[in-house]
Amino acid sequence: GYYSEASATECVACAAGEYQGSSGQSVCTVCGAGQYSGLGGASACVVCPVGEYSAADGASECTACVAGDYQGSTDSTECATCSAGYFSAGSGASECVICGVGRYSGSDGSTECTDCVPGEYSGSEGLSTCSACSAGYFASHSGMSACAICDAGSHASADGASQCTDCGPGEHTSGDGGTVCVACSAGTFSSFYDSSECTSCLPGYYSEA
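Reading the values: the criteria
Residues numbered from 1 in each chain as written. Predicted model: local features only at pLDDT ≥ 70, side-chain atom pairs only at ≥ 80, totals over all residues. Heavy atoms only, no water. Salt bridge = Lys/Arg side-chain N within 4 Å of Asp/Glu carboxyl O. Helix = DSSP H or I, 4+ residues; strand = E, 2+ residues; numbered from the N terminus. Buried < 20%, exposed > 50% of the residue type's maximum accessible area, 1.4 Å probe, protein only. Disulfide = S-S within 2.5 Å. Contact = heavy atoms within 4.5 Å.

Caption draft 1: Structural detail: the pattern of salt bridges. In this structure the tally under the stated criterion is 1 salt bridge. With a closest N to O distance of 2.9 Å, D115 and R103 form a salt bridge. In this pair, D115 is assigned in strand β14 (residues 114–115) and R103 in strand β13 (residues 103–104), connecting sequence segments 12 residues apart. R103 gets classed as partly exposed once you look at its relative accessible area, which sits at 33%.

Right, dumping it as structure tokens:
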């Protein structure tokens, strides 16, 4: 950890960022990139821990990876960027965290995941986008992992619905997952909203289509 030049009256401690592991030396050696020595008089350099790096020779300390980056190995000279679908929220991350179902991160280097908006969902972890619910289905809240099917008597006519719409009087949908309400045929009727079937007219009565 010390050295002396010719005609020295005392030995001198190696500076921070340098080291000397042997005795009787006239120079110190610079720590390589990915390592550091934080104090004078070091007899060896220390490798940067996970989550940190040193990019150049002669470092007196390692630098923490910024949020959105990570480094899972020691002795590193740079950090890696989290891929879309993953994130790291704080500095010094040793790994990225996968976005859970109902969430996504749309770009590399994300510091957080975002909930899918109503009408969309993500059913798997680690996704970079959410998917729109198909017609006949809906997602009423943000952060949904799946879409729900519209009940009989209601419908969602387009992709990306956040709610189903009830069929009006004189209409119906006969099953779940309807994309359009169907008018009651002649001789039948429905008086209320949200009808799953039309009712036949009684004897002595009639209805047009």
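Caption draft 2: Here's a closer look at the state of the cysteines. Within the structure shown, the criterion is met by 11 disulfides. The side chain of C48 participates in a disulfide bridge whose partner is C62; the two sulfur atoms lie 2.0 Å from each other. When the S-S torsion is -85°, as for the bridge of C48 with C62, the disulfide is left-handed. A residue pair is termed long-range when its members are at least 10 positions apart, and C48 in the loop between β6 (46–47) and β7 (52–53) and C62 in the loop between β7 and β8 (63–64) qualify at 14 residues. The burial state of C48 is the same as that of C62; both residues are buried. With no disulfide of its own, C11 lies closest to C14 among cysteine sulfurs, the gap being 10 Å. Unpaired in terms of disulfides, C201 finds its nearest cysteine sulfur in C184, a separation of 9.3 Å.

Caption draft 3: Fine view of the side chain of H172. Among the secondary structure elements, H172 is positioned in strand β21 (residues 171–172). According to the relative accessible area criterion, H172 is buried, its value standing at 17%. Contact partners of H172, with chain neighbours within four places excluded, come to C167, C181, V182, A183, C184, S195, S196, E197 and C198.

Caption draft 4: Region of the structure containing the environment of S4. Relative to the helices and strands, S4 is located in the loop between β1 (2–3) and β2 (12–13). Look at S4 and you get partly exposed, because its relative accessible area is 24%.

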